[in-house]
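# Overview (structure and organization)
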Amino acid sequence: MVSQASRIGWFCPYAPLEILLAAGAVPVHLRGEQPTLDRTERYIAGNTCLYVKHLLETGLSGQWSGLKAVVLTNSCDCMMRLRDLWAEYVDAPPLLYLEIPRKDSAAAVIYFREQLNRFVADLESLMGRTISSRDISAAMDRVNSVRALMAEVFERQKTDPPRLTGSELWSLIQQSAKLTPEEFVRAVEARPERLGDGPAKIGRPRILIAGAKSDRPELIHLVEQAGGAVVAIDDCLGLRSLEPAGNPTGDPIDDLARYYLGRIGCPRKPGGQTRLDRLAGLADDYRADGVIFSHVKFCDFNLFEGPPLRAAMNAKGVHFLDLEHDYVFSDLERLGVRVEAFVETLQGGLASEKAAEGGGS
Amino acid sequence: MRDGLGFLAEKYQERYAAKPRGFELYVHRMLQGLTKAFDPEAKIVYVSNYSFPAELLWAFDVVNFDYEIACNNLPQAIMGSGSELMIACEEQGFSRDICSFHRMELGFSAQDANPRGDLYICSSYYCHGKAKAHEAAARREGAPHYFFEAPTRRTESARVYVETQLREIAEILERLTGKQLDMGRFKECIRMSNRARANLVEINELMKLKPCPWEAKKAALLALGGAVFWGSPVLVEVTDRLKEEIQERAASGATRPERFRVLWSPWYPVQPTVIPAFMRDNQISMVMAETADIWRPALDENHPFESLAQMVLDNYMLRTTQERAERLTTLAGEYQVDGLVHFGTVACYHENTAFRVIADAMARQGLPVLDLDGDMTDERNYSEQRTTGKLEAFLEIMAANRSE
């Protein structure tokens, strides 16, 4: 039985779950979803990331006060400032802060190792126990088993038709972030159909969801209601976090430093061209007819990445929809109209292709 | 942009000839420098100088081009056409929610109005959007870019991380210019930097006098735009002259009447606003600006890379909001101010999230804070009535505090 007192919340998947698990903590992925942002308006001015606002609002509400701590990282400007606001105005739980470089050079790895060691020390102090290299290595195996399983799930999505519906895929991603590694593996293995052995729907436009984290299923539902098939989700919790870890070298902190800095999918990292190429590769791999680039309003990173991504996808003949939302999808009707129009365009394209194929036979 | 800069350069040359004072010299030199970026023979390095050690660039024969200063402060914004550039950027698909500084760079770039860049140094300091904008512009130009990352923790491995990057940039500059780094010249740049720093420390000390013998608005503009000159003889010449002028003014008593003293944090709008006239009419002196505070340590010319790396880590923009607030309350005490004006720009996430922490810290000192939200460059986000209303209310609060 997991003690509630050992639960540690996290938001950004750069939080090293391996170290939290090694400390005997239960990492809990937190979603900040509040009906209003009344408290937060006192602390954050209008044009600021709505995701961060919801996190602060939930922190201020006391809803997470039973947690042992929350992990915050310097994911972006707003998350860095959330750290300051949290330290100043949220009574509980306390913060565990981890600074993560954005480069992956040798010097960046050395600096990040130092930060990880500091994080370990902070956690040891919080949990009242030491964390050995062996503990971390064992935890890495546990987390890697989830990544491997999810990688298998995603691999099966490349087939035509995809093996899972978008809703099933989204649920699985959420579970991978919510459950302990053992719970997740057991849950999947106990229900093999969750890996896509069930019936699949054919003839639907294949859509790749990219962008920032989708903590809620509304977008997936909109796509499915409109007749599209979500074949892959390349967001913070999805494909981006599943890049395989390298072979262990015997120094788990060094391995973790290299692994996390080597993940290339997040727009916080320099190298926009790499991400353009990566998304183009994913569109090919998953045979996507369209890409929906979904992000929260006022997310600077994604605001800069959208136009070049659109150009790159259009150049490949892949349709692209840049969809900005308010994190809790309160403007569902408006979004629904855009998604429907997008899916209709894709359906029109597929119908034309089929007609052309028919005409030629 | 070239025509706009050329026009302003001529105008300020005349102005400087008629009034050869320190601040005019600074503007004159800066316009000369920015105009040089259109020289086809020059090697152009795009960088944000208030967050990058310009000393390293001065050690090479490159033109240090700060797009924020060129795009925003000088040619277009002052002439009131900043919004046109914003629209040019937005037509490329970039959102209006992006900071106007960065939209302006991308707007110029979309119109092919920027000078070509031979190298883009994208620094991570204060603002991630800046690095993104630089990267987008570099990609559009097909030019190389270097992401310069400054960690926020001041540890030995952080210093080594920064030093390694500075050395890498020096190697890139060697390849770009075809010249090896001349350590003698580099040391001279460090000496220049230290001399200018010492002058600015003295100037800031003089600003504590009552009435204040200079305008912190100009100190702020010099701190931001003049950062391009750290390591050059220009900043020494400008600050030598400014120091002398301010000393003379203080000695002669030729200062403006002063009823209230305010501290300013962090930015100052470059577009025309009612702010300077309101402050002058109501005898409000801006006696210090957060950006003009000298946070940088004296540098060690015998260890220039190590020393610059340490300076990078000492940049106040890397600190927590609490540390900023603490420094502001210290400055408020030292400069004996009646209040603080906080001016952010609409999409500046740091300032959008920092205001309350700063305001609460100042409130603990019994000082009022005015949050003068606006936009530094996009005229569409400026309202004269709203700004005037806020300033009037702030004035009343300061007056009420004084009468108590």
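So, a few notes on the structure that sits alongside this text. (Residues numbered from 1 in each chain as written. Chains lettered and ligands numbered in written order. Predicted model: local features only at pLDDT ≥ 70, side-chain atom pairs only at ≥ 80, totals over all residues. Heavy atoms only, no water.)

To continue, consider the pairing of strand β4 (residues 95-98) of chain A. All names here are of chain A. Here strand β3 (residues 69-73) runs beside β4; their pairing, made up of four bridges, is parallel. Counterpart to T73 in the pairing with β4 is L98. Since β3 and β4 lie parallel, the crossover through helix α3 (residues 77-89) that links them has a hand, and here it is right-handed. (Pairing = 2+ DSSP bridges. Helix = DSSP H or I, 4+ residues; strand = E, 2+ residues; numbered from the N terminus. Right-handed = clockwise from strand over helix to strand, strands pointing away.)

This paragraph deals with the interface of chain A and chain B. At the junction of the two partners, chain A supplies 52 residues and chain B supplies 42 residues. Between chain A and chain B we count three salt bridges in total. The shortest N-O distance in the salt bridge between E88 of chain A and R364 of chain B comes to 3.9 Å. Applying the counting rule to chain A against chain B returns 31 residue pairs in polar contact (both at pLDDT 80 or more). Every element with two or more residues in the side of chain A that touches chain B is listed here: α3, α4 (106-127), α10 (272-285) and α11 (300-316) of chain A. With 10 residues, the top contributor of residues to the side of chain A that touches chain B is α3 of chain A. Counted by class, the side of chain A that touches chain B contains 26 nonpolar, nine polar and 17 charged residues. (Contact = heavy atoms within 4.5 Å. Salt bridge = Lys/Arg side-chain N within 4 Å of Asp/Glu carboxyl O. Polar contact = N/O pair within 3.5 Å; in protein donor to acceptor, adjacent residues only side chain to side chain. Nonpolar A, V, L, I, M, F, W, Y, C, P; charged D, E, K, R; others polar.)

Next up on the list: the sheet that holds β4 of chain A. Residues and elements named next belong to chain A. Read across the open sheet, the four strands follow the order β2-β1-β3-β4; overall the sheet is parallel. One side of each edge strand has no neighbouring strand; the edge strands of this open sheet are β2 (26-29) and β4. Across the sheet, the axes of successive neighbouring strands diverge by a mean angle of 30 degrees, strand direction being ignored. The strands touched by α3 are β3 and β4; relative to β3, the strand with the most contacts, the crossing angle is about 145 degrees. Across the sheet, α4 is in contact with β1 (7-10), β3 and β4; its angle to β4 comes to roughly 165 degrees. (Axes fitted to C-alpha atoms, helices over the stretch in contact; angles between N-to-C directions.)

Residues and elements named next belong to chain A. In the structure shown here, the tally under the stated rule is 17 aromatic pairs over all chains. Considering the side-chain rings of Y43 and Y89, the 4.3 Å spacing of their centres and the 35 degrees angle between planes classify their relative orientation as tilted. With Y43 in the loop between β2 and α2 (50-61) and Y89 in helix α3, this residue pair connects regions lying 46 residues apart in the sequence. The pair formed by Y43 and Y89 is uniform in burial state, with each residue classed as buried. (Phe/Tyr/Trp six-rings, centres within 6.5 Å; stacked < 30°, edge-to-face > 60°. Buried < 20%, exposed > 50% of the residue type's maximum accessible area, 1.4 Å probe, protein only.)

All names here are of chain A. Contact geometry of α10 with α11 gives a least axis separation of 10 Å together with a crossing angle of 40 degrees. Judged by the angle between their axes, α10 and α11 are oblique. Seen along the crossing, α10 lies across α11 with a hand that is right-handed. Residue-level contacts link G272, R275, L276, L279, A280, A283 and D284 of α10 to E305, P308, L309, A312, M313 and K316 of α11. Residues of the contact of α10 with α11, tallied by class, amount to eight nonpolar, one polar and four charged. (Parallel < 35°, antiparallel > 145°, perpendicular 65-115°, else oblique. Left-handed = near helix turned anticlockwise from the far one by under 90°.)

Right, let's get into the sheet that holds strand β6 (residues 284-289) of chain B. Residue and element names in this part refer to chain B. Overall, parallel pairing links the four strands, which are arranged β6-β5-β7-β8 in an open sheet. Of all the strands in the sheet, the pair left with one neighbour each is β6 and β8 (369-371). Averaged over all neighbouring strand pairs, the angle between strand axes comes to 30 degrees, with direction disregarded. In terms of strand pairing, strand β7 (residues 339-343) meets β8 through three bridges, oriented parallel. Paired with L340 across the bridge in β8 is V369.

For the structure on display, the rule yields 55 salt bridges over all chains. The residue D331 of chain A makes a salt bridge to R334 of chain A at a minimum N-O spacing of 2.7 Å. For E163 of chain B, the salt bridge is made with R159 of chain B, and the minimal N-O distance between the two is 2.5 Å. Here the residue E163 of chain B and the residue R159 of chain B both occupy positions in helix α8 (residues 156-177), the gap between them amounting to four residues, near one helical turn. Residues E163 of chain B and R159 of chain B agree in their burial class; the two are buried. Salt bridges sharing partners connect three or more residues here, namely R31, E33, R216 and E218 of chain A.

So, about the side chain of E290 of chain B. Tracing the chain through its elements places E290 of chain B in the loop between β6 and α13 (304-314). Beyond its immediate sequence surroundings of up to four residues, E290 of chain B is in contact with W264, S265, P266, Y316, R324 and L328 of chain B.

Quick look at the packing of helix α14 (residues 321-334) of chain B against helix α15 (residues 349-364) of chain B now. All names here are of chain B. Two elements in contact, α14 and α15, have axes separated by 9 Å at closest approach and are oriented at 45 degrees. Taken together, the axis directions place α14 and α15 in an arrangement best described as oblique. Our pair here, α14 against α15, has a crossing hand that is right-handed. Only E351, A354, V357, I358, A361 and M362 of α15 make contact with α14, whose side of the interface consists of T321, Q322, R324, A325, L328, T329 and A332. For the contact of α14 with α15, the per-class residue count stands at eight nonpolar, three polar and two charged.

Between A92 of chain A and the following residue, P93 of chain A, the backbone shows a cis peptide bond with an omega angle of 0 degrees. Mapped onto the elements of the fold, P93 of chain A is located in the loop between α3 and β4. Backbone torsion omega between K210 of chain B and P211 of chain B reads -10 degrees, so that peptide bond is classified as cis. If you trace the backbone, P211 of chain B turns up in the loop between α9 (183-206) and α10 (216-225). One non-glycine residue with positive phi stands out, namely R287 of chain A, at about 50 degrees.

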